[in-house]
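Understanding the architecture of this molecule
Residues per chain, in single letters:
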Amino acid sequence: QKPGIYLVLGKTDDGGDRLYIGESDDVAKRVQSHPDGLNFEVTEILLFTSKDENLTKTHIAWLEHALIAKAKASKRITLANNQIPSIKPLSKPEQATMLEFLSNLELVAQTAGFAFFATSTRTDHTSQSEQTPKEDTEILSLKTKFGTAE
């Protein structure tokens, strides 16, 4: 019975990819029933929780909010989430901890094939001397009143 984040990946009837990002106080129990209510065929589920008891409901809600915002901004997949959840303020130390957790979560998710949270780097075929940093890179930054993640 641990709180956590879950990512549900699947396909619609017309073959489109869909991603649902959710949270729960008991993430293992939640994913046993929740995917049945989604409007797409579930192909993969990825769960994230903490090894200890330090991840609270507020932390989980903050992470869910951040992941949904980053997935929407990346425009790499269609989200099945209808709304972005509201978040409660975190203290500065909690913000730092959650930003680190978010960074680690994104790395693990990408390694597992859930690479939907960062914008892609554009490639410009002009000569190197003609390129400016704006033309060949994009940086995704999530800024909320509770913290910033890049």
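Note that the structure is a prediction, hence the values are computed from the model and not measured.

The next thing to look at is the nonpolar core. L7, L19 and I21 are the most contacted members of the largest nonpolar core, which totals 26 residues. Among the secondary structure elements, those contributing two or more residues to this core are β1 (4-11), β2 (17-24), β3 (41-49), α2 (57-74) and α3 (92-111). No other element matches the 7 residues that α2 contributes to this core. Counting residues in each nonpolar core, the second largest holds 7 residues, with Y6, V8, V31 and F40 among its members.

This paragraph deals with the packing of aromatic side chains. Here the structure, examined in full by the defined rule, presents 2 aromatic pairs. On the basis of an interplanar angle of 35° and a centroid distance of 6.1 Å, the ring pair of Y6 and Y20 is categorised as tilted. With Y6 in strand β1 and Y20 in strand β2, this residue pair connects regions lying 14 residues apart in the sequence. As far as burial versus exposure is concerned, Y6 and Y20 are alike and both buried. When the centroid spacing of 6.2 Å and the interplanar angle of 80° are considered together, the rings of F114 and F116 count as edge-to-face. Here F114 matches F116 in class, with each residue buried.

What follows concerns the sheet that holds β2. Ordered by their spatial adjacency, 4 strands build an open sheet running β3-β1-β2-β4, and the pairing between neighbours is mixed. Of all strands in the sheet, those with a lone pairing partner are β3 and β4 (78-79), marking the two edges. Across 8 bridges, the pairing between β1 and β2 is antiparallel. Residue pairing across strands places L9 opposite L19, the latter belonging to β2. Sitting on the sheet, α2 is in contact with β1, β2 and β4, with an inclination near 165° to β2. Strands in contact with α3 are β1 and β3; relative to β3, the strand with the most contacts, it is inclined by about 145°.

Located in the positive-phi region is K75, a residue other than glycine, with phi close to 55°. Counting through the fold element by element, K75 comes out in the loop between α2 and β4. Given a relative accessible area of 74%, K75 falls into the exposed group.

With 7 of 8 residues buried, β1 lies mostly within the body of the structure. The turn joining β1 and β2, which pair antiparallel and follow one another in sequence, is formed by 5 residues; a positive phi near 90° is taken by G15.

The rules behind the values
- Residues numbered from 1 in each chain as written.
- Predicted model: local features only at pLDDT ≥ 70, side-chain atom pairs only at ≥ 80, totals over all residues.
- Heavy atoms only, no water.
- Core = buried A, V, L, I, M, F, W, Y, C linked by side-chain atoms within 4.5 Å.
- Buried < 20%, exposed > 50% of the residue type's maximum accessible area, 1.4 Å probe, protein only.
- Helix = DSSP H or I, 4+ residues; strand = E, 2+ residues; numbered from the N terminus.
- Phe/Tyr/Trp six-rings, centres within 6.5 Å; stacked < 30°, edge-to-face > 60°.
- Pairing = 2+ DSSP bridges.
- Contact = heavy atoms within 4.5 Å.
- Axes fitted to C-alpha atoms, helices over the stretch in contact; angles between N-to-C directions.

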